[in-house]
2 protein chains.
Amino acid sequence: MGLKERINAANAEAFRRIVAADPVLVDVAPASEVIPGMRDRLILHSGPPVTWDRMCGAQRGAAIGMCLFEGWAADPVEAEQMLRSGEISLEPNHHHSSVGPMAGTISSNMWVWVVENKAFGNRAFCRQVESFQQFGDHSSSAIAQLARWRDVWGPALRAAVRKMGGIPLKQLVARALLMGDEMHNRVVASSSLFANAVAPVLVDCGLPKEQVVDTLYYAGNHPFLFLGISMAAAKASVDPARGVEASTVVTAMARNGTDFGIQVSGLDGEWFTAPAPRVEGLLLPGWKEEDAGLDMGDSAITETVGWGGFVIGGAPGILNFTGGTAEQALAFSREMRSISVGRSPDYLIPALNFEGSAVGIDIRKVVQTNTLPVIDTAIAHKEPGHGIIGGGIVRPPLECFTKALTRFGERSSEWSEGPLSGRTATSIPSS
Amino acid sequence: MGLKERINAANAEAFRRIVAADPVLVDVAPASEVIPGMRDRLILHSGPPVTWDRMCGAQRGAAIGMCLFEGWAADPVEAEQMLRSGEISLEPNHHHSSVGPMAGTISSNMWVWVVENKAFGNRAFCRQVESFQQFGDHSSSAIAQLARWRDVWGPALRAAVRKMGGIPLKQLVARALLMGDEMHNRVVASSSLFANAVAPVLVDCGLPKEQVVDTLYYAGNHPFLFLGISMAAAKASVDPARGVEASTVVTAMARNGTDFGIQVSGLDGEWFTAPAPRVEGLLLPGWKEEDAGLDMGDSAITETVGWGGFVIGGAPGILNFTGGTAEQALAFSREMRSISVGRSPDYLIPALNFEGSAVGIDIRKVVQTNTLPVIDTAIAHKEPGHGIIGGGIVRPPLECFTKALTRFGERSSEWSEGPLSGRTATSIPSS
C-alpha cells in the first residue's frame, strides 16, 4: 500500500468510527462522581493547556466563579490569589474526556451531562450551558444559577433520564437538524424536543411537585438547554477515532481565549496551537468591538463531527445571532465538504436536499486547499465579570494545521508498518 | 379616486387587518359549547357546500365516522343511510367560523381549538388533527382516537390553556417559522414549543396524574398537534378582512375533495368553485396514483395568511413529505410575492434572509400573471375507510379566480361609492 493509500485507509477508519457512534444520554451527575481524574481544588477549563498568567479575562473570571461556587474562596480577591498561587489546579477538559462551553470551567460539584457512545462503550461529559458564569461573570446571581442547576434542575433531570434508561441522541439530533438547529449555537429545536421527551417521565419520578414544575419551566424555556448534551455527544462520538495510526483526521478543536488548539487522530495526545483568532459577528446592544475577547470554548467539538458551521446552511435562523446571509451559510456547508473525509449517513441538511453533513476534517485537505473549518460561536468579553456579549463566525489559524502536518511527517517513524521518514508537510501526498 | 386606486386602497385595508391580527388560543372546548349554529344531527365539513351525492369518498367515510362517534348510528351501513336520507345535515365549516383539516368533519361532541383574535374580538374554531378519521377511516380504532381526545387530552389541555389565561400565538408561530415549520403540513416545531408551554401548567391543574402523564406523552409526540391551532389562528386572523368593499383579497381557499372554492373580501358570502385538482406529490409505501382522492381540506386557510406554501422555502424539512427540491421551495415562496398585497412584518423566512412572508392573495394578480397560489397538502384515499396515503403540492384551478373576478365586476354596482358598471374580468385595471 502506498503512502497516500495508507493515510486514506486510516482516515476511512477514523471516519467509520465517527459515523458509527451511537451517543446516548445516560445520566446527569456531579463531576466528582463521573469525570475521570476529577478531584478537589481542580478546575477543568476549555481549550488546550494554559497557565493562569496567560489565561484570558473571561476564563479567569469563570475560574474565580468556580472558586466561589465551590466555597474555596470567600470573595473574588481571595479566589484570584488562590488561582495565581497554584493552590487551585487548572487542566483542560479534553484531558478528562470532557468538554465545556466558552470558559468551560468544571469543578467537583458542577453537575454534568453524561453521554455514552453505545457503539464503543466510551463516555464523555459536558457541563450545563448558561449565559453568565461560563462567560466570566462571577457575580452572586451568576453563581446562584449554578447552584439551582446543582440543587434543583440537575437532580430532577437525572431522575428522569435514569428512569428512561437513557435518551438516544442520534435520532433526536437528526430530527433537530431538519428543524433548523445546527447543534452548536442554535439548539432551540433539540432543546424543545428534549424537554418534550423528559416531561411525562419527570412527572412520574416521585419528586416534589414544585421541583417538577420548576424544572419543566427551566427545560421548556432554555434556548441553549441542549448544547451541553450536543457537546458531550460530539466528544463521545469522536473520541473512538483518536489514535488511528496514520490518520490525518482532526479529533478536537478547542480554544481557551488565548490559544486555538487542534488534536489529530494519528498524533494523539499532542496539541497544535496558535494564537486564538478574533470572531467576526454581531455584538449585543451596548458592546463594542474593543470589548470582545478572542475565540474561546470546547464547543468546536461539534464541528469535528460535522455539526455547527458544517451544517449551518440548514440553520438560517442562527444568522440573527452570528450575522451573514442565508446564501453564505449554504456556501459554508458546501465548502466544508472539500476538507472532509465523507458525508454523514444520519445527519442530513434539508436545505441541501437532505445531503449528509461533511464529516472528518482532514488536515491535509485544509492545508492543501487553504480552506479552514467554519465554526460558529458566541463571544465573551475580554475582561472578567461579564456575560455573553455577542456571536459570530470564526476560522482556526492555518498555523495549527501546518504545525500538525509537519509533526505528522516527523512521527511517521513510529508507525508500526514503517516510517514516513523525513517527510515534511509539503511532501505528504494529497488526499 | 380612480378605480385602480380604490381597489388598491381596499386591499391595503384588508392586508392591514390580516397583519394586525393577534391570535390567542383561549380554550379547547366541545363544538356544541362554542361554535355558532352548532346543533345535534349536524356535521360540518371542509370546503364549499356539497351534498351527499357529490361528496368524495374520504369525506363520506369521515362523515360516517362522525355518526359512529356521536352514537347516531350503530354501524357504517346505518350511518350511510342516515346521511343519504338527509336525516343528518351537512354544512361547511366556513359557514360557522370554523375550519377542519382534510374531510374536516366537526359534530357537537368533537372538541375544538378556540382561537380569539384579540385585535378584533372575533373567534375561530378548528378540530384536532389526526391521521385516520379525518382522512375517511371510520374503523373502531379511528373512532377510539377521537374519544380519547374528547375524554382525556382535550379536557386536560383545556384546563392548562384556561389556567394560563390563553396562549399568544403570534410569537410562537414566528419562532416556529425560524425552526423550519410552515404551519400547514410541517408543524413539528410549533407542536413541540406548544407542548413545552403547557407542560408545567398541566402538572399544576389538579388533574389525575395518569391524565397528566398521558397528555404530556400525547402532546410531546404528535407531529401535527399544532396544525389545528394554526388553522384556527389563520381563520381568526383573516376573518376581519372579509367584506371590505372593493377588495380583491382572498379570504378563504377550501376544498371538499369534489370542488375547490375560494372566497373574496369584497364578495363576502359567495363561493367561486371549480373541480378539485389532483395533488402532485409523494405517496406512502403501498399506495398508487389511482388510489388518491382529489384535493381536500380547509387547511389552505393557512396560505391565505401567508403560511404554508407561501413560506415553504423556509421549511425544506417538509420536502420528504411533499417531494420537490429546496430550490423549488424557495422559488415558490418568492413567486407568491407576485400575487400578494404585501409582506408580513411578523412572520419571517430565515432562508430568505428574514424577509416577511407574502400576505393577501389578490385575485387580480393571480389572473393577470396566471400565477396560482402554492398549497402544500396531505393526500386522502378516493374511497372511504382509509387513513393518510401521502402528501404533495397543489395549485387551485384558475377558474375559481376568473369566476371571482368576473363577479367582482358585476357586483360593483352595489358599492356605496358608485358602481364599476358592466366591467368584466378583463377590463378591471391591474394592481
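Since we're looking at a predicted model, the values are computed, not measured.

Counting secondary structure elements, chain A contains 14 helices and 16 strands. Scaling as 2.2 N^0.38, a compact globule of 431 residues should have a C-alpha radius of gyration of about 22 Å, and chain A matches this with 21 Å. Seen along its three principal axes, the alpha-carbon backbone of chain A occupies a region of about 65 × 50 × 40 Å. Classification of the 431 residues of chain A by burial places 59% in the buried group. Once local pairs closer than 6 in sequence are excluded, the contacts in chain A between residues at least 24 apart make up 73%.

Right, let's talk about the domain arrangement of chain A for a bit. Residues and elements named next belong to chain A. When its domains are assigned, chain A resolves into domain 1 (21-233) and domain 2 (242-427). A separation of 22 Å is found between the C-alpha centroids of domain 1 and domain 2. At six residues, helix H3 (residues 57-70) tops the list of elements feeding residues into the side of domain 1 that touches domain 2. Residue composition of the side of domain 1 that touches domain 2, by class: 18 nonpolar, 17 polar and seven charged.

This brings us to the relation of the copies chain B and chain A. If you rotate chain B by 180° and push it 0.0 Å along the axis, it lands on chain A with an RMSD of 0.0 Å. These values place the two chain copies in the arrangement generated by a two-fold rotation axis. When C-alpha positions in chain B are compared against the rotation axis, the closest is assigned to B:Met179, at 2.5 Å. Looking at the interface residues of chain B, 100% of them are also at the interface in chain A, so both copies use one shared face.

What follows concerns the pairing of strand S8 (residues 250-256) of chain A. Residue and element names in this part refer to chain A. The element S8 is largely enclosed, with a buried count of seven among its seven residues. Here S8 runs beside strand S9 (residues 259-264); their pairing, made up of five bridges, is antiparallel. Residue pairing in the sheet places Val250 in a bridge with Val264 of S9. Relative to strand S12 (residues 296-297), S8 runs antiparallel, the two sharing two bridges. From the neighbouring strand, Asn256 faces S12, where its bridge partner is Met296.

Moving on to the sheet that holds strand S6 (residues 122-127) of chain B. Here we have five strands laid out as an open sheet, ordered S4-S6-S5-S1-S7 (chain B), and mixed in their pairing. Looking at strand neighbours, the two that pair on one side only are strand S4 (98-99) and strand S7 (167-168) of chain B, the edges of this open sheet.

Glancing now at the interface of chain B and chain A. How large an interface is tends to be reported as the accessible area lost when its parts come together. If you look at the interface, chain B gives 31 residues, while chain A gives 31 residues. When residues of the side of chain B that touches chain A are traced back to their parent elements, those giving at least two are helix H7 (188-202), helix H8 (209-221) and helix H11 (319-322) of chain B. Looking at the side of chain B that touches chain A, the element that brings in the most residues is H7(B), giving nine residues. Here the residues of the side of chain B that touches chain A sort into 21 nonpolar, eight polar and two charged.

Residue and element names in this part refer to chain A. With 14 residues, H3 extends 20 Å between its outermost C-alpha atoms, agreeing within 8% with the 20 Å of an ideal straight helix rising 1.5 Å per residue. With respect to burial, H3 is a largely interior element, twelve of its 14 residues being buried. For H3, the full list of buried residues reads Ala58, Gln59, Arg60, Gly61, Ala62, Ala63, Ile64, Gly65, Met66, Cys67, Leu68 and Phe69. Structurally, H3 contributes buried residues whose contacts are with strand S2 (42-45), helix H4 (76-85), helix H5 (140-163), S8 and S12. In the stretch just after H3, Gly71 is the one whose phi turns positive, near 80°.

All names here are of chain A. Taken together, the three strands give an open sheet; going across it, the order is S11-S16-S15, and neighbouring strands pair in antiparallel fashion. The sheet is open, and its two borders are formed by strand S11 (280-283) and strand S15 (375-379), each paired with just one other strand. Across the sheet, the axes of successive neighbouring strands diverge by a mean angle of 20°, strand direction being ignored.

Residues and elements named next belong to chain A. Here H3 crosses H5 at 60°, and the two axes come no closer than 10 Å. Judged by the angle between their axes, H3 and H5 are oblique. Our pair here, H3 against H5, has a crossing hand that is right-handed. The segment H3 lies against H5, with Gly65, Leu68 and Phe69 engaging Ala142, Ile143 and Leu146. Looking at the contact of H3 with H5 residue by residue, the classes come out as five nonpolar, one polar and no charged.

Glancing now at unusual backbone geometry. Residues and elements named next belong to chain A. The phi angle at Ser97 is positive, at roughly 55°, despite the residue not being glycine. Structurally, Ser97 can be placed in the loop between strand S3 (89-92) and strand S4 (98-99). Residue class for Ser97 comes out partly exposed when judged on the 18 C-beta atoms lying within 10 Å of it. A positive phi angle, close to 50°, is found at Met102, a residue other than glycine. Tracing the chain through its elements places Met102 in the loop between S4 and strand S5 (111-117).

This part takes up the environment of A:Met183. Residue and element names in this part refer to chain A. Of note, Met183 is situated in the loop between helix H6 (170-177) and helix H7 (188-202). Linking Met183 and Ser338, residues 155 residues apart in sequence, is a C-alpha distance of 21 Å. Setting aside residues no more than four positions away along its own chain, Met183 makes contact with Val173, Ala176, Ser190, Ser230, Thr302, Trp307 and Gly308.

Residues and elements named next belong to chain A. Where H5 meets H7, the closest approach of the two axes is 9 Å, and the angle between their N-to-C directions is 90°. Our classification of the angle between H5 and H7 gives roughly perpendicular. Contacts between H5 and H7 involve Ala156, Leu157, Ala160 and Lys163 from the first element and Val198, Val201 and Leu202 from the second. Classifying every residue of the contact of H5 with H7 by side-chain character gives six nonpolar, no polar and one charged.

Our next topic: the environment of A:Ala219. Residues and elements named next belong to chain A. Note that Ala219 resides in helix H8 (residues 209-221). For the pair Ala219 and Glu87, spaced 132 residues apart in sequence, the C-alpha separation works out to 36 Å. Once residues within four sequence positions are removed from consideration, Ala219 is found in contact with Ala195, Val198 and Leu225.

The topology assignment puts B:Gly166 in the loop between helix H5 (140-163) and S7. Residues in contact with B:Gly166, not counting those within four places in the same chain, are B:Val24, B:Leu25, B:Val26 and B:Val161.

The rules behind the values
Residues numbered from 1 in each chain as written. Chains lettered and ligands numbered in written order. Predicted model: local features only at pLDDT ≥ 70, side-chain atom pairs only at ≥ 80, totals over all residues. Helix = DSSP H or I, 4+ residues; strand = E, 2+ residues; numbered from the N terminus. Rg over C-alpha atoms; globule rule 2.2 N^0.38 Å. Buried ≥ 20, exposed ≤ 12 C-beta atoms within 10 Å, placed from the backbone. Contact = placed C-beta atoms within 7 Å. Domains from an automatic or database assignment. Nonpolar A, V, L, I, M, F, W, Y, C, P; charged D, E, K, R; others polar. Least-squares fit on C-alpha atoms with pLDDT ≥ 70 in both. Pairing = 2+ DSSP bridges. Expected span 1.5 Å × (residues − 1). Axes fitted to C-alpha atoms, helices over the stretch in contact; angles between N-to-C directions. Parallel < 35°, antiparallel > 145°, perpendicular 65-115°, else oblique. Left-handed = near helix turned anticlockwise from the far one by under 90°.

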